[in-house]
Amino acid sequence: MRTLDRKLARDLWRLKGQALAIAVVIAGGVMTLIFSVTTLEALSGARERFYASHHFAEVFADVKRAPLGALSQLQEIEGINRIEPRVQAAMRLSVEGFADPIRGLAQSIPDGRQPGLNRLHLVAGGLPEAGRDDQVVVSDAFAEAHGLAPGDSLEAIIDGRQVQLRLSGIALSPEFLYQVAPTDLMPDYRRYAVLWMNQRTLASAFGMEGAFNQLTLTLQAGARREAVIDALDLALARYGGTGAWSRDDQPSHRFIEEELNQQRIQATVLPAIFLTVSAFLLHVVMGRLIQTQREQVAVLKAFGYRDTELARHFALLAGMIVLLGWALGVALGAWAASGLAGLYREYFRFPGMPFRVPLWSLVLSLLIVALAALLGTWQAVWRAVRRPPAEAMRPPAPLRFRRSWLERALPPALLGHEGRIILRNLARHPAKASLSVAGIALSAGLLMMGAYQLDAVESMIDQQYRQVLRMDMELTFGEATPARAAGELRHQPGVLAVETWRRVPVTLIHGHRQERTSLLGMEPSPQLRQVLDGQGRPQRLPDSGLMLTRYLAETLEARVGDELEVAIMEGHRRRLTMTLTALVDEPLGVGAYLRRDHLNTLMGEGPAISGAWLLVDPDRQEALNAALWAIPGVAGIGLLAEAERGIRDYLDETILMVALIFVAIATSIAFGVVYNNARVAFAERARELATLQVLGYSRAEVSRILLGEIALLTLAAIPPGWAIGILFSRLLNQAFSSDLFRVPMVLTPQAFAIAASGVLAASLVVGLLVVRRLGRLDKLRVLKAVE
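What counts, and where the lines are drawn
Residues numbered from 1 in each chain as written. Predicted model: local features only at pLDDT ≥ 70, side-chain atom pairs only at ≥ 80, totals over all residues. Heavy atoms only, no water. Salt bridge = Lys/Arg side-chain N within 4 Å of Asp/Glu carboxyl O. Buried < 20%, exposed > 50% of the residue type's maximum accessible area, 1.4 Å probe, protein only. Domains from an automatic or database assignment. Contact = heavy atoms within 4.5 Å. Buried area = accessible area lost by both parts, 1.4 Å probe. Helix = DSSP H or I, 4+ residues; strand = E, 2+ residues; numbered from the N terminus. Nonpolar A, V, L, I, M, F, W, Y, C, P; charged D, E, K, R; others polar. Pairing = 2+ DSSP bridges. Axes fitted to C-alpha atoms, helices over the stretch in contact; angles between N-to-C directions. Core = buried A, V, L, I, M, F, W, Y, C linked by side-chain atoms within 4.5 Å.

Observations regarding the pattern of salt bridges
Here the idea is simple: oppositely charged side chains can pair when their charged atoms come close. Applying the stated rule across the entire model yields 28 salt bridges. Across the pair Arg132 and Glu129 runs a salt bridge, and its minimum N-O distance is 4.0 Å. With a closest N to O distance of 3.3 Å, Asp188 and Arg191 form a salt bridge. Among the residues examined, Asp188 registers a relative accessible area of 17% and is labelled buried. What emerges from the salt-bridge pattern is a single network uniting Asp100, Asp188, Arg191, Glu642 and Arg645.

Focus: the domain arrangement of the protein
Per the domain assignment, the segments making up the protein are domain 1 (1-62 + 252-394), domain 2 (63-251) and domain 3 (495-616). Between the C-alpha centres of domain 1 and domain 2 the distance comes to 47 Å. At the interface, 22 residues of domain 1 touch 44 residues of domain 2. When the two sides are added together, the surface that domain 1 and domain 2 hide from each other amounts to roughly 3,200 Å², 59% of it contributed by carbon and sulfur. On the domain 1 side of the interface with domain 2, the three residues burying the most area are Phe60, Asp62 and Arg349, jointly 28% of the side's total. Counting the contacts that link domain 1 with domain 2 gives 2 salt bridges. Between Arg349 and Asp140 there is a salt bridge, with its nearest N and O atoms 2.6 Å apart. For the side of domain 1 that touches domain 2, the elements supplying multiple residues, two or more each, are helix H2 (16-53), strand S1 (59-67), helix H7 (251-266) and helix H10 (307-347). For the side of domain 1 that touches domain 2, the element with the highest residue contribution is H7, accounting for 5 residues. Grouping the amino acids of the side of domain 1 that touches domain 2 by side-chain chemistry returns 13 nonpolar, 4 polar and 5 charged.

Things to note about the sheet that holds strand S10 (residues 211-219)
Strands sit in the order S2-S10-S1-S11 across an open sheet of 4 strands; the sheet is antiparallel. Two strands close off the open sheet at either side, each with one partner strand: strand S2 (80-86) and strand S11 (243-246). Across the sheet, the mean angle from the axis of one strand to that of its neighbour is 25°, orientation sign disregarded. In this sheet, S10 lies alongside S2 in antiparallel orientation, the contact comprising 6 bridges. Counted as the bridge partner of Ile83 is Leu217 from S10. Where helix H6 (residues 225-236) meets the sheet, its contacts fall on S1, S2, S10 and S11, and the angle it forms with S11 comes to roughly 160°.

Regarding the pairing of strand S15 (residues 546-549)
Looking down a regular strand, the side chains alternate between one sheet face and the other. By the alternation rule, side chains of S15 split into Leu546 and Leu548 and Met547 and Thr549, which are all buried. Alignment of S15 against strand S17 (residues 574-584), held across 4 bridges, turns out to be parallel. Bridged to Thr549 within S17 is Val584. Strand direction decides the pairing type here: S15 and strand S18 (residues 592-595), joined by 2 bridges, are antiparallel. Paired with Met547 across the strands is Tyr593, a residue of S18.

Topic: the nonpolar core
Ranked by internal contacts, the top residues of the largest apolar core, which has 109 residues, are Phe348, Phe350, Met353, Leu446, Tyr465 and Tyr593. The biggest single contributor to this core is helix H15 (residues 430-468), with 17 residues. Non-local contacts of Phe348, meaning those with residues more than four positions away in its chain, are made with Leu43, Leu177, Tyr178, Phe255, Ile256 and Glu259. Counting 26 residues, the second largest nonpolar core, distinct from the first, contains Phe142, Leu154, Ile158 and Leu167.

Some remarks on the environment of Glu563
By the secondary structure assignment, Glu563 is in strand S16 (residues 563-568). Residue classification places Glu563 among the partly exposed residues on the basis of a relative accessible area of 45%. It is 10.0 Å that separates the C-alpha atoms of Glu563 and Leu576, two residues lying 13 residues apart in sequence. For Glu563, the contacting residues outside a window of four places in its chain are His510, Thr577, Met578 and Thr579.

Quick look at the structure:
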């Protein structure tokens, strides 16, 4: 073994604690990259494979009722490859032994065979037999939640009639990989089901013989999707079309795409932050580490070792530490990805979703950490090997000691000898002290970013379900219903308050931007479904014009006072011009609001409603469920408590889990930074500490000097750490905002406390380790060192 190789092995063993601490810092950045990229690859790969194998449609269109004879005309639209009609209808279900109301969505399939588009992946059983009116295929998630198997039965309310259905099979569909009810954001598999029935059976039940109310289609290669949608809207207008939309607006696809977008951001923003911090810390630590070996470098150069050989030696030292950190990060990233895999399999119903670490991500992460190490260490290495041997053998020239401004400002009795030693040592090394403070501050900022996610998610849910959605139940009617139905609802058992609403699908257009959404008409001063301003105060709906969520207005690039074009996609389809009169801030979803009576006027109808919100007595919930089951016009019943529980479970298992991982990584980085600073400072000042003990200072007094310096640097780093944490949190907040949810920029005292306590705890542990090492200091060997 060559001499330098033996020195490398001995240095690695001697510096094993510091090397491991640096490796942990690097592992944090690599871990975030690996688990984000692995999750992204698994989700996108499973989705694309399932879409392709089961012919997922590219465009969808809803109509009131269109004859099957119109298909020949529609097939002639330029750009359409394959078109398939079907009947789709909402229904209510009941499962034996489960008292809560269940919403269902039924879709038709060709009698006894698979559809051409959106084909079913059968998990158990088979398709309904041709000619059987009572057989259905049910979604896998619903069957799993209730323990159903082929041959079991369900009760359903279909168009006001109660019927008995028997399960012929259980299936997955590319259209419902994320199976969520129309007005919900999170899946509730126990209370929402998708069913597939023979075309003839479902059409007969809803008066759709020889007709359809939904189209699915695929496009020819090179076809312009927008042109096809416009042509479909024009052709279906006479049949009560409510607007065609692309796959991008399909609920399941849209949510998965948002999740993929978040993973893409997570795979770029977070590793960039962690690895930038790692490069900076490597620069600080390796620079000071190499500085402690200046005499060894001088001796090696005096014996004839070239600059390139010594540079290679220190580069290998840094490279071995980086390689250890990379390997640790890959292992932890793969472990985190496998843990996340189980969660995603629960929410995204793919037939298979294998999680494998992509080879390219291993190569990319290795190149990134190697580059970070190069940027962090090359200057220190080159400065060490370029110094002439005679200069390097001399100890650094003693620095001048003088009273600092802080020392002059404080009473001498308060400082004492130990305090003056601490302040003067920091004052004569301002660059080292500043870099140490910066390193600790960065780790505190990372801690605060993780704590921000924990607090902000809780704040988002509380605002949505304590201030915005204050009802207990949401009823949806199958058709627009006269507003007098509210009186009937008020007399149902357990109903304490009723507010009605009307929802109409629209497309909002402002300049070259447009968004497909819906107008929600409410009471002038809604109490059960409030709209809030930026300060969380309830707002009254404007007497005229539209009120939009701020995120939707920003997407449309519209400001208060702008004119918006509103294309109504229901009833008498027409385009109106309305003024944007107010903005509201809501954490979940986007929306457009106006007074219900104004919406009824725009629709050219009487006082009609689409549904109602109920405040109920929890002790009479079961009696109310039974009463609502007997009302034929109620197509769906949503329980807000269950919706809140669902979104809390999802966020706890995904975002909060990731946040906890980041807090753990940031805590380890904080420990690594403080530990390396303390160890290097100990190595640099070993002779000084030994001299103090020889001069009569006790071990406790010398320990206080060393611990006081660590404590002072840590305390000085906390305020800038908070500032860095605010910056990191704001960047994260902007990166993860979407139309599905927007985590508020809420920094609670708890977030500041976590950042401060994290670095203080790391400093305390490091202080104990340093005091232990001080007790083992060989004073005689240190004092024999060359002066």
